[in-house]
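# Fold and contact review
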Amino acid sequence: MTDDRTATANGIEATYDETETERILEFRAVNTDDPETTPTGASAAIAQNVEGYAMLKVRPTADGDELERYYGFDMALDHVGELLGVSPHDLPIPEAGDDMGM
């Protein structure tokens with residue numbers, strides 16, 4: 001299923017959501033070619049304040065503890081790619097979340 005808040009490609013599913021305080025882009029491995037590198041269910045998330053101007057926080061899950069902060073979306077995607085064992089270029093980005101970053 002793909003709409004403006006979800007996207008799936010290369011065994012990774014991405015979901016964009018907004019809470020009262022944050023914009024969250026969560027990635028989950030759903031079917032990967034190499035389960036040893038990226039096990040099904042592995043996840044990572046990028047969060048930003050709802051106004052969309054603060055640094056991006058990379059987390060292991062949408063509600064997990066912050067691992068690192070980045071100004072740029074590309075740098076946050078690099079970290080997510082490392083966590084999931086995939087190239088950041090292979091990460092699907094839902095249309096609603098493609099403007100994250102400063």
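Read on for a plain summary of the structure. Model, not experiment: these values are computed from the prediction.

## Structural notes on the overall build of the protein chain
Within the protein chain, the regular secondary structure consists of one helix and six strands. The proportion of buried residues among the 102 residues of the protein chain is 43%. Long-range pairs, those at least 24 residues apart, make up 43% of the contacts in the protein chain between residues at least 6 apart in sequence.

## Brief notes about the sheet that holds strand S3 (residues 22-29)
As summarised here, the arrangement of the six strands in space is S1-S2-S3-S4-S5-S6, forming an open sheet in which the pairing is antiparallel. Edge strands, defined here as strands with exactly one partner in the open sheet, are strand S1 (6-9) and strand S6 (68-70). Taking the axes of each pair of neighbouring strands and ignoring which way they run, one obtains an average angle of 20° across the sheet. With respect to the sheet, helix H1 (residues 73-84) is in contact with strand S2 (12-18), S3, strand S4 (43-49), strand S5 (56-59) and S6, its orientation differing from that of S4 by roughly 160°.

## Re the nonpolar core
One broad rule of soluble globular proteins: the nonpolar side chains tend to lie buried together. Grouped together as the largest cluster of nonpolar side chains are 21 residues, with contacts concentrated most on Phe-27, Ile-46, Val-80, Leu-84 and Leu-91. Of all elements in the fold, only S2, S3, S4, S5 and H1 reach the threshold of two or more residues within this core. At five residues, H1 tops the list of elements feeding residues into this core.

## Details of the environment of Ala-47
Turning to its location among the elements, Ala-47 is positioned in strand S4. Once the C-alpha coordinates of Ala-47 and Tyr-16 are considered, the two residues, 31 residues apart in sequence, prove to be 9.7 Å apart. Sequence-distant contacts of Ala-47, defined by excluding residues within four places in its chain, comprise Glu-22, Arg-23, Ile-24, Met-55, Leu-56, Lys-57, Arg-59 and Met-100.

## Describing the pairing of S5
Here S5 shows no split at all, with Leu-56 and Val-58 on one side and Lys-57 and Arg-59 on the other all buried. As paired elements, S4 and S5 share three bridges and run antiparallel to each other. The residue of S5 that forms the bridge with Ala-45 is Arg-59. Between S4 and S5, which pair antiparallel one after the other, the connecting turn spans six residues, and Gly-52 there sits at a positive phi close to 80°.

## Description of the side chain of Glu-26
Summarising the element assignment, Glu-26 is placed in strand S3. For Glu-26, the side chain forms a polar contact with the side chain of Arg-28, separated by 3.5 Å. When sequence neighbours within four positions are dropped, the list of residues in contact with Glu-26 reads Glu-13, Ala-14, Thr-15, Ser-43, Ala-44, Ala-45, Thr-61 and Ala-62.

Conventions used here
Residues numbered from 1 in each chain as written. Predicted model: local features only at pLDDT ≥ 70, side-chain atom pairs only at ≥ 80, totals over all residues. Heavy atoms only, no water. Helix = DSSP H or I, 4+ residues; strand = E, 2+ residues; numbered from the N terminus. Buried < 20%, exposed > 50% of the residue type's maximum accessible area, 1.4 Å probe, protein only. Contact = heavy atoms within 4.5 Å. Pairing = 2+ DSSP bridges. Axes fitted to C-alpha atoms, helices over the stretch in contact; angles between N-to-C directions. Core = buried A, V, L, I, M, F, W, Y, C linked by side-chain atoms within 4.5 Å. Polar contact = N/O pair within 3.5 Å; in protein donor to acceptor, adjacent residues only side chain to side chain.

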